[in-house]
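Chain by chain, the residues:
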Amino acid sequence: MLTGAEAAAILRSIDISHVVTVPDSTIGQWEGDIEAAGIHLIRVCREGEAWTIAGGLYLGGASPLVLIQCTGLFESGDALRNTLHEWKLPIYAIIGYRSYLNQDNLPGDTSLVFTEPILAAWQLDVRFITSRDQLGAIAEHYRSCRSAMRPGVALLAEGRS
């Protein structure tokens, strides 16, 4: 749904300085464009590391963004809780929603069962992006969350579009 060039343009428009990521088969394709846009790309081993590294970057004056897939969201719950709720840091994330646009790709994929309830349980401000005409909402949502000093998530539908 989103090309690397489009992702990089959105991130530049909201002045993201660092992208902390564990790339998947969709968002991993954006890496070259993100780096070419002058945004620092930090690859971590586990998604839990992404939240705490983004938190440290934020405390150091950077404007980081976490870029992971929903399965990594499941893995990273405690680090997310600490960074966003205990430390109260307004970290923003783009989370790829695996197979949402092509549910035949992984029949019975429980990511489609658990992603939205988990985001709701973590009490995160979520903007669900399911089509190309909603891409502008990512920057709008980021700015809204940032001005309110609250964390937020753009949940980006992945799969065939």
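Residues numbered from 1 in each chain as written. Predicted model: local features only at pLDDT ≥ 70, side-chain atom pairs only at ≥ 80, totals over all residues. Heavy atoms only, no water.

**A look at the pairing of strand 2 (residues 40–43)**
Here is step 1 of the chain: Bridging between strand 1 (residues 18–21) and strand 2 involves four bridges; their strand directions are parallel. Looking at the pairing, Thr-21 lines up with Arg-43 of strand 2. (Pairing = 2+ DSSP bridges. Helix = DSSP H or I, 4+ residues; strand = E, 2+ residues; numbered from the N terminus.)

**Here's the deal with the side chain of Glu-47**
Here is step 1 of the chain: On the secondary structure map, Glu-47 appears in helix 3 (residues 47–59).
Here is step 2 of the chain: Buried charge Glu-47 goes without a salt bridge, the closest partner of opposite sign being Arg-46 at 4.7 Å.
Here is step 3 of the chain: Among residues more than four places away in sequence, those in contact with Glu-47 are Val-22, Ile-68, Gly-72, Glu-75 and Ser-76. (Buried < 20%, exposed > 50% of the residue type's maximum accessible area, 1.4 Å probe, protein only. Lys, Arg positive; Asp, Glu negative; His and termini not counted. Salt bridge = Lys/Arg side-chain N within 4 Å of Asp/Glu carboxyl O. Contact = heavy atoms within 4.5 Å.)

**Considerations on the sheet that holds strand 4 (residues 92–97)**
Here is step 1 of the chain: Spatially, six strands are ordered 2-1-3-4-6-5 in an open sheet, and the strand pairing comes out parallel. Each end of this open sheet is capped by a strand with a single partner; those strands are strand 2 and strand 5 (125–129). In this sheet, adjacent strand axes meet at a mean angle of 20° when their direction is disregarded.
Here is step 2 of the chain: Note: strand 4 against strand 6 (residues 152–157), six bridges, orientation parallel. Each residue of the ladder has a partner; that of Ala-93, found in strand 6, is Val-153.
Here is step 3 of the chain: Each of strand 4, strand 5 and strand 6 touches helix 7 (residues 136–147); the most contacted strand, strand 5, lies at about 175° to it. (Axes fitted to C-alpha atoms, helices over the stretch in contact; angles between N-to-C directions.)

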